[in-house]
Amino acid sequence: EIVMTQSPATLSVSPGGRVTLSCRASQSISRNLAWYQQMPGQAPRLLIYGASTRAAAIPDRFTGSGSGTEFALTITSLQSEDSAVFYCQHYSEWPQTFGQGTKVEIK
Amino acid sequence: EVQLVESGGDLVQPGGSLRLSCAVSGFSVSNNYMSWVRQAPGKGLEWVSALYGGGNTYYRDSVKGRFTISRDNSMNTLYLQMNSLGADDTAVYFCARALYDTSGYYYDYWGQGTLVTVSS
């Protein structure tokens, strides 16, 4: 199965700042990648699919990029409510797999 | 409004069985692709099983032969029958609706999850 590796494990950033989360696939997945945000105790929320298409109602502070094996999620103008764990997921083949997550903390 | 509400999670002994339910409103499970995704305590997300609108079912290797996904169209509910449970099955189980894109499926709607604990 395809292994998804996210980095870093944790990011700490000040309100108003900008972060870039990385997601690497163990083999090419074209642009078959989604990003999710999971706040503590809640279900994941879809942010991005197709590597760069924002889901409904997702603000343009969230931007996805990349293709092949290297992907990124950039979040700008960080707010306290952005504190969460972010996961990438490939859907290039069976089984779909998720990365281990990047925790974003707002100082 | 779309809602997915899981239930049925519980504490169960190793080797035991449990049936999870996911009651859906806002769309029909009969013509949507649905999945179960689980999350062990403090861990990441792991796809478990899927049910296509046409009725085809899929399972991750570790649950094949033990778990069965199904649906009741009249109740608009998705199920996951889990047998021969082991400690590794301890997790919050989410149901989710999937949308197709190019080569596979991503998840746009999720339930709040139900906790399954396997322990003696």
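Here, every reference points to the structure presented above.
Fair warning: this is a prediction, and the values are worked out from it, not measured in the lab.

Scoring rules and cut-offs
- Residues numbered from 1 in each chain as written.
- Chains lettered and ligands numbered in written order.
- Predicted model: local features only at pLDDT ≥ 70, side-chain atom pairs only at ≥ 80, totals over all residues.
- Heavy atoms only, no water.
- Pairing = 2+ DSSP bridges.
- Helix = DSSP H or I, 4+ residues; strand = E, 2+ residues; numbered from the N terminus.
- Axes fitted to C-alpha atoms, helices over the stretch in contact; angles between N-to-C directions.
- Contact = heavy atoms within 4.5 Å.
- Salt bridge = Lys/Arg side-chain N within 4 Å of Asp/Glu carboxyl O.
- Polar contact = N/O pair within 3.5 Å; in protein donor to acceptor, adjacent residues only side chain to side chain.
- Nonpolar A, V, L, I, M, F, W, Y, C, P; charged D, E, K, R; others polar.
- 1 Å grid on protein atoms, 1.4 Å probe; cavity = no way out; pocket = protein on both sides within 12 Å on 5 of 7 lines; lining within 4 Å.
- Points joined across faces, edges and corners; volume = space filled by probe spheres on them.

J.: What exactly am I supposed to notice about the sheet that holds strand E3 (residues 19-25) of chain A here?
T.: What links the strands of a sheet is backbone hydrogen bonding, and the strands pair in either a parallel or an antiparallel sense. Residues and elements named next belong to chain A. What the 4 strands build is an open sheet, ordered E1-E3-E8-E7; its pairing is antiparallel. The outermost strands of the open sheet, each flanked by one partner alone, are strand E1 (4-7) and strand E7 (62-67). Sheet twist, expressed as the average angle between the axes of neighbouring strands with direction ignored, equals 20 degrees. Taken together, the 6 bridges between E7 and strand E8 (residues 70-75) define a ladder with antiparallel strand orientation. Residue pairing across strands places Thr63 opposite Thr74, the latter belonging to E8.

J.: For this particular structure, what's the right way to read the sheet that holds strand E3 (residues 18-25) of chain B?
T.: Residue and element names in this part refer to chain B. Here we have 4 strands laid out as an open sheet, ordered E1-E3-E8-E7, and antiparallel in their pairing. What marks the edges here is a single partner per strand, and that holds for strand E1 (3-7) and strand E7 (67-72). With direction set aside, neighbouring strand axes in the sheet form an average angle of 15 degrees. Sheet topology note: the E7/strand E8 (residues 77-82) ladder contains 6 bridges and is antiparallel. From the neighbouring strand, Thr68 faces E8, where its bridge partner is Gln81.

J.: What should I look at first to understand the interface of chain A and chain B in this one?
T.: Interface size, as often reported, equals the accessible area lost upon joining of the parts. Across the contact, 19 residues belong to chain A and 24 residues belong to chain B. Where chain A touches chain B, the interface holds 0 salt bridges. For the interface between chain A and chain B, the tally reads 9 residue pairs in polar contact (both at pLDDT 80 or more). Those elements that place two or more of their residues in the side of chain A that touches chain B are strand E4 (33-38), strand E5 (45-49) and strand E9 (84-90) of chain A. The element that contributes the greatest number of residues to the side of chain A that touches chain B is E4(A), accounting for 3 residues. Class assignment for the residues of the side of chain A that touches chain B results in 11 nonpolar, 7 polar and 1 charged.

J.: I keep staring at the layout of surface pockets and nothing clicks. Help me out?
T.: The gaps left among the atoms become clear once a water-sized probe is rolled over them. Estimates place the volume of the largest pocket at around 410 Å³. Put simply, the parts of the chain that give the lining of the largest pocket at least two residues each are E9 and strand E11 (102-106) of chain A together with strand E9 (91-101) of chain B. Its residues assigned to classes, the lining of the largest pocket comprises 10 nonpolar, 11 polar and 2 charged. Approximately 350 Å³ is the volume found for the second largest pocket. Along its surface, the second largest pocket is lined by 16 residues, and Arg45(A), Leu46(A), Ala56(A), Asp108(B) and Tyr109(B) are the ones closest to its centre. Contributions of two or more residues to the lining of the second largest pocket are made by E5 of chain A together with strand E10 (104-110) of chain B. Looking at which element gives the most residues to the lining of the second largest pocket, the answer is E10(B), with 4 residues. Broken down by class, the residue content of the lining of the second largest pocket amounts to 12 nonpolar, 2 polar and 2 charged.

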